[in-house]
Amino acid sequence: MSKRKKIRVLVAKPGLDSHDRGVKIVARALRDAGMEVIYTGLRQTPEQIVAAAMQEDVDVLALSILSGAHMSLLPAITGLMKKNGMDDVLVLAGGIIPEEDVPILKEEGIADVFGPGTPTDEIVRYIQEKIG
Amino acid sequence: MEEGALRYLDKIDKMGGVVKGIETGFFQKEIADSAYNYQKDIEKGNKIIAGVNEYQTEDKWIPVELLRVNPEVENIQIDRVKTLKNERDNGKVKDSLARLRRDIDSNANLMPAMIEAVKSYATLGEICSLLKEMYGDYQELIVI
């Protein structure tokens with residue numbers, strides 16, 4: 001792991017949602033685990049997020065959404081990524097996402113969904129296993 | 001505790017006050033630090049919260065009925081705005097927004113112009129867009 005270049009992660013908040021306590025905790029946990037973390041800030045459009053992920057050439061895109069609009073915004077993001085040939089980017093989601101929406105989001109290209117109560121270590125390990 | 005609070009307020013005064021503190025990201029950093037440490041304490045078990053990291057019940061999931069908003073609602077609302085824009089007196093809307101623009105320019109009290117704009121059925125979007133155009137948008141200082 002340590003011989004490879006650092007894992008690059010873009011942490012982003014799509015849509016009209018200003019709940020950033022969780023996203024900032026996750027961002028810092030990933031950074032403390034040795035990853036290079038870029039955070040977009042609040043209220044980003046799918047286009048802005050995908051453009052940032054492309055520019056920053058990230059390995060992982062971690063999306064935080066608590067507004068309830070995940071079923072429209074997350075597929076919009078993965079759709080744009082497919083269009084741009086970014087199939088190698090691991091896309092994760094977190095926030096308030098009902099269990100029954102998870103399988104549908106996985107079909108749309110979200111690798112996994114981490115809800116409230118997920119220990120930050122679990123997210124770190126998950127990324128390291130998939131990318132490392 | 002009182003002493004601690006006063007010391008903290010003193011510190012904020014010395015850095016130039018609350019606005020300065022927001023501009024430099026001091027408060028954002030303080031909140032993020034405290035949130036992160038709180039989470040770490042829960043994960044390490046230094047802080048016990050019944051039902052979260054200790055004393056959990058066996059059955060993990062209690063089914064909750066979710067409110068699902070019909071996606072059709074979006075189209076209904078779009079149609080309503082379109083109808084409104086067709087049926088209102090658009091000359092009046094234009095005039096009221098022009099007045100609001102002038103009042104922003106001359107640094108006047110904006111409330112009368114905004115009330116006039118609302119009464120002429122200018123939309124919230126139209127009023128906010130004008131304010132954003134004239135004043136700019138909030139630029140978040142990214143602090144993690």
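A.B. asks: Explain the overall build of chain B here, please?
C.D. replies: The helix and strand inventory of chain B stands at seven helices and zero strands. Written out in order from the N terminus, the α and β elements of chain B read α-α-α-α-α-α-α. Since a compact globule built from 144 residues should have a radius of gyration of about 15 Å, the 25 Å found for chain B marks it as more spread out than a globular shape. Based on the C-alpha atoms only, the size of chain B along its principal axes is roughly 65 × 50 × 25 Å. Considering chain B as a whole, with its 144 residues, one finds that 22% of them fall into the buried category. Each charge class in chain B was averaged separately, 21 positive and 26 negative side chains, and the resulting centres sit 4 Å apart.

A.B. asks: Explanation requested: the pairing of strand E4 (residues 90–95) of chain A in the structure shown.
C.D. replies: For a regular strand, the rule is simple: side chains alternate between the two faces of the sheet. All names here are of chain A. Buried residues dominate E4, accounting for six of its six residues. Burial along E4 is two-sided: the face carrying Leu90, Leu92 and Gly94 and the face carrying Val91, Ala93 and Gly95 are both buried. Relative to E4, strand E3 (residues 60–65) is paired through six bridges, and the arrangement is parallel. Counted as the bridge partner of Leu61 is Val91 from E4. In this region the chain leaves E3, passes through helix H3 (residues 70–83) and returns to the parallel neighbour E4; the handedness of that crossover is right-handed.

A.B. asks: Help me out: how do you make sense of the pattern of salt bridges in this one?
C.D. replies: The full count for this structure, using the stated rule, is 19 salt bridges over all chains. Between Asp33 of chain B and Lys29 of chain B there is a salt bridge, with the nearest N and O atoms lying 3.3 Å from each other. Note that Asp33 of chain B and Lys29 of chain B are positioned in helix H3 (residues 26–44) at a spacing of four residues, about one turn of the helix. A salt bridge links Asp137 of chain B to Lys132 of chain B; its shortest N-O distance comes to 3.9 Å. On the basis of relative accessibility, which here comes to 48%, the residue Asp137 of chain B falls in the partly exposed class. Three or more residues joined by partner-sharing salt bridges are found here, namely Arg8, Glu36 and Glu56 of chain A.

A.B. asks: Teacher, can you tell me more about the sheet that holds E3 of chain A here?
C.D. replies: Within a sheet, adjacent strands bond to each other through the backbone by hydrogen bonds, running parallel or antiparallel. Residues and elements named next belong to chain A. Read across the open sheet, the five strands follow the order E2-E1-E3-E4-E5; overall the sheet is parallel. Here the strands that pair on one side only, and so sit at the sheet edges, are strand E2 (36–39) and strand E5 (112–114). Adjacent strand axes in the sheet meet at a mean angle of 25°, parallel and antiparallel pairs treated alike. Against the sheet, H3 touches E3 and E4, its axis set at about 165° to E3.

The rules behind each value
Residues numbered from 1 in each chain as written. Chains lettered and ligands numbered in written order. Predicted model: local features only at pLDDT ≥ 70, side-chain atom pairs only at ≥ 80, totals over all residues. Heavy atoms only, no water. Helix = DSSP H or I, 4+ residues; strand = E, 2+ residues; numbered from the N terminus. Rg over C-alpha atoms; globule rule 2.2 N^0.38 Å. Buried < 20%, exposed > 50% of the residue type's maximum accessible area, 1.4 Å probe, protein only. Lys, Arg positive; Asp, Glu negative; His and termini not counted. Charge placed at Lys NZ, Arg CZ, Asp CG, Glu CD. Pairing = 2+ DSSP bridges. Right-handed = clockwise from strand over helix to strand, strands pointing away. Salt bridge = Lys/Arg side-chain N within 4 Å of Asp/Glu carboxyl O. Axes fitted to C-alpha atoms, helices over the stretch in contact; angles between N-to-C directions. Contact = heavy atoms within 4.5 Å.

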